Structures are given as C-alpha cells and as structure tokens.
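Given next are the chains, with one letter for each unit.
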Amino acid sequence: MTDPAAGAPAPVRILVCDDHVVVRAGLLALLDSAPGIEVAGEAGTGEEALALAARLKPDVVLMDLQLGEGIDGVETTRRLTSAPAAGSGGPPHVLVLTTYDTDADITRAIEAGATGYLLKAERPEELFAAIHAAAQGRTALSGPVASRVMANMRRPRPSLTDRERDILAQLATGLGNREIARALFISEATVKTHLRRIYDKLGVETRAGAVAVAKEQRLLP
C-alpha cells in the first residue's frame, strides 16, 4: 500500500471490534500512537463491524471472539472474509485479538478465515507488527498460539470405528442415550459401551468434552 502523492507507504487502515468499551478505548489510544496505522472505525458488535467494514473498507479488522449479544467474533470473521470484493479491493484481513487460547477457539477462528490470532497479553510492538503482517496477508500468531497449532498438527488423530463415529455424530446433535439407540437401531447398553470407549480414546469424561474434542480434531462430518 503506497500513497502515490507522497511516494510513501499508506497507513494500514484498521477497524477495531470489541464489545468492552474500556478495552476498546484503550486499544484506540494505543493504535493512535502506532506508526503506519490509522484507525478507520470502531464497533461493539459483530453486526456493527460488518456494516462498518462494508462502508469504511478497512485493510484489517481487529476482532475479539466474544462479543456479547448477536453473532460472535468467529461468525463475524467468516462473513467478513467471505464477502464479495467491492471494486478492485478484496475483503479485509481479520486479526483476532482475544484472551481465549483454547484449541477449539483457535481452530474455529482460523477455519473462519482469520489471518492471525493474537492474545491480549502481547506487547504493543508485537500487536503493531502483527497488524502490518496481516495487512499483507501474512499469518501472525502469538507464541503460545503457534505452539498449540503445531502441537495439534503433530498429534495423531484418535482412531474411531465407524459405529463410534455414528454415535459421536448423534451425540453432537444433543441426543440422549435412549434416542441414540433408537436412531441407530441398537440397545442402550451398546450405546453406553461405545461411549465409554469414545471417552477413553478422546481423553475426556463427559459428553460435552467428547463433542468439543471431536470438533477440534475434525472427527465430525
């Protein structure tokens, strides 16, 4: 990005989306002091971010994951990155800035199209560098996030049988053991046996845990 009139790089135009007013104000004050960065606007909800992005055409959207009521940061990211290009410019790059660093959050954000994933504990210099990297379409990850991504890539997927996958898929829809047994034409005792094996293989102790890990490991259709 270069300003033809001045022959110097144009500043990265950024839209900040965070539902906490105090946090957003702090980010705006911090970014105002950053070289080569221009705050184009601010949003407190996902819906507001979508509307402002369509109007302001920022280069980067700095996105929190939890946005209170309405659509969350992941869905907002998905809609922003999949929006059709207007004119010659493409959709904005999304840089997640959050306190959440679980495998599920990271996976969901990256699959939604986020260019980078930073934690709010990062130093300002790291945030500024990540914004410039995201504006160029380069991946920017916090150190702990990068470590988790690499660990997940190296971790072998649990080996589930076809029947275990069927039960896990039914489990993800919220069905109880009796409903799963009826849907798959097996006994409730058989369902319980398979569930114990699924829990052991996934390293969890609850139904919710099994579904969460299955989503992280992409074991569900």
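The structure under discussion appears in the preceding block.
So, here's what we can say about the structure. (Residues numbered from 1 in each chain as written. Predicted model: local features only at pLDDT ≥ 70, side-chain atom pairs only at ≥ 80, totals over all residues. Heavy atoms only, no water.)

## Some words on the overall build of the protein
Scanning the protein from terminus to terminus reveals 10 helices and 8 strands. Based on the C-alpha atoms only, the size of the protein along its principal axes is roughly 75 × 35 × 30 Å. Here the protein displays about 11,700 Å² of accessible surface, and carbon together with sulfur accounts for 53% of that area. (Helix = DSSP H or I, 4+ residues; strand = E, 2+ residues; numbered from the N terminus. Areas by Shrake-Rupley, 256 points an atom, 1.4 Å probe, with all protein chains shown as cover.)

## Overview of the pairing of strand 5 (residues 60-63)
The alternating pattern of strand 5 places Val60 and Leu62 and Val61 and Met63 on opposite faces, both of which are buried. Relative to strand 5, strand 3 (residues 12-17) runs parallel, the two being bridged by 4 bridges. Counterpart to cysteine 17 in the pairing with strand 5 is methionine 63. Here strand 5 pairs with strand 6 (residues 93-98) via 4 bridges, running parallel. Paired with methionine 63 across the strands is valine 96, a residue of strand 6. (Buried < 20%, exposed > 50% of the residue type's maximum accessible area, 1.4 Å probe, protein only. Pairing = 2+ DSSP bridges.)

## Side note on the nonpolar core
In terms of nonpolar packing, the biggest core is built from 21 residues, with Leu31, Leu62, Leu95, Leu127 and Ile131 touching the most fellow members. Residue assignment for this core shows that the elements contributing at least two residues are strand 3, helix 1 (21-32), strand 5, strand 6 and helix 5 (124-135). The dominant element in this core, judged by the number of residues it contributes, is helix 5, at 7 residues. Setting aside residues up to four positions removed in sequence, isoleucine 131 forms contacts with Val12, Ile14, Leu31, Ile37, Val60 and Leu95. Residues Leu168, Val204, Val213 and Leu219 belong to the second largest nonpolar core, which totals 18 residues. (Core = buried A, V, L, I, M, F, W, Y, C linked by side-chain atoms within 4.5 Å. Contact = heavy atoms within 4.5 Å.)

## Structural notes on the side chain of asparagine 177
Along the chain, asparagine 177 falls in helix 8 (residues 177-184). For asparagine 177, a relative accessible area of 17% gives the class buried. Engagement of the side chain of asparagine 177 in a polar contact is seen with the side chain of arginine 207, the distance being 2.7 Å. Other than its neighbours up to four places away in sequence, asparagine 177 contacts Glu188, Val191, Lys192, Leu195 and Arg207. (Polar contact = N/O pair within 3.5 Å; in protein donor to acceptor, adjacent residues only side chain to side chain.)

## Quick look at the pattern of salt bridges
Considering all chains together, one arrives at 11 salt bridges under this definition. Taking the shortest distance from any N to any O, the salt bridge between arginine 13 and glutamate 38 comes out at 3.7 Å. Separated by 25 residues along the polypeptide, arginine 13 in strand 3 and glutamate 38 in strand 4 (residues 37-43) bring together distant segments of the chain. Arginine 13 gets classed as partly exposed once you look at its relative accessible area, which sits at 25%. Since its relative accessible area comes to 36%, glutamate 38 is described here as partly exposed. Notably, a salt bridge pairs glutamate 188 with arginine 178, separated by 3.9 Å at the nearest N-O pair. In this pair, glutamate 188 sits in helix 9 (residues 188-202) while arginine 178 sits in helix 8, placing the two residues 10 residues apart along the sequence. A cluster of three or more residues bridged by salt bridges with shared partners is formed by Asp18, Asp64 and Lys120. (Salt bridge = Lys/Arg side-chain N within 4 Å of Asp/Glu carboxyl O.)

## Observations concerning helix 4 (residues 103-111)
Taken together, the buried positions of helix 4 are Asp103, Asp105, Ile106, Thr107 and Ala109. Positive phi shows up at glycine 113, right after helix 4, with a value of about 115°.

## So, unusual backbone geometry
Positive phi is not limited to glycine here, since lysine 57 has a value of about 55°. In this fold, lysine 57 is placed in the loop between helix 2 (46-56) and strand 5. You can call lysine 57 partly exposed: its relative accessible area is 45%. Backbone geometry at phenylalanine 185 places phi at a positive 60°, although glycine is not the residue there. Its location among the elements puts phenylalanine 185 in the loop between helix 8 and helix 9. Residue classification places phenylalanine 185 among the exposed positions, given a relative accessible area of 77%.

## With respect to the sheet that holds strand 8 (residues 140-141)
As summarised here, the arrangement of the 6 strands in space is 4-3-5-6-7-8, forming an open sheet in which the pairing is parallel. In this open sheet, the two strands that pair with only one neighbour each are strand 4 and strand 8. Each of strand 5 and strand 6 touches helix 3 (residues 73-82); the most contacted strand, strand 5, lies at about 170° to it. Packing of helix 5 onto the sheet brings it into contact with strand 3, strand 4, strand 5, strand 6, strand 7 (116-119) and strand 8, and relative to strand 6 it is tilted by some 155°. (Axes fitted to C-alpha atoms, helices over the stretch in contact; angles between N-to-C directions.)

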